[in-house]
Amino acid sequence: MSMTLTHEDLADEQAVSLAHILATANRRARQLGWDVAQSLVTISQHFDGGSFWRINYGPVNPVAQRGGDLIVEVDAENADVKRVLRGQ
């Protein structure tokens, strides 16, 4: 999926920051052998001693395939991976 970003898109600090966070999480997921393109991706923001984003990679069809999620938590300030959790 390729699209051109407008100047307005690039001026949106939160959108650009979140794109950077997602790219960091995707990179780590791929390093761990995860098929990012075949995952249902959900993103949530959390505050626990700072601000971070939790990117969850789960099965596309969770009814037919349960468990086995990969969760990558990324620091909102510097886009460093805080921790990686694997579901059962």
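Description of the structure in this document.

The rules behind each value
- Residues numbered from 1 in each chain as written.
- Predicted model: local features only at pLDDT ≥ 70, side-chain atom pairs only at ≥ 80, totals over all residues.
- Heavy atoms only, no water.
- Pairing = 2+ DSSP bridges.
- Helix = DSSP H or I, 4+ residues; strand = E, 2+ residues; numbered from the N terminus.
- Axes fitted to C-alpha atoms, helices over the stretch in contact; angles between N-to-C directions.
- Patch = residues over 30% accessible without salt bridge, like charges linked within 9 Å, V, L, I, M, F, W, Y side chains within 5 Å.
- Areas by Shrake-Rupley, 256 points an atom, 1.4 Å probe, with all protein chains shown as cover.
- Salt bridge = Lys/Arg side-chain N within 4 Å of Asp/Glu carboxyl O.
- Lys, Arg positive; Asp, Glu negative; His and termini not counted.
- Charge placed at Lys NZ, Arg CZ, Asp CG, Glu CD.

## Considering the sheet that holds strand 1 (residues 39-47)
Spatially, the 4 strands line up as an open sheet ordered 1-2-3-4, and their pairing is antiparallel. Edge strands, defined here as strands with exactly one partner in the open sheet, are strand 1 and strand 4 (81-86). Neighbour to neighbour, the strand axes of the sheet diverge by 15° on average, direction disregarded. Note that strand 3 (residues 70-75) and strand 4 share 5 bridges and pair antiparallel. Among the inter-strand pairings, Val 72 is bridged to a residue of strand 4, identified as Val 84.

## Considerations on a negative patch on the surface
A cluster of like negative charges, contributed by Glu 8, Asp 9, Asp 12 and Glu 13, occupies part of the molecular surface. Its location among the elements puts Glu 13 in helix 2 (residues 13-31).

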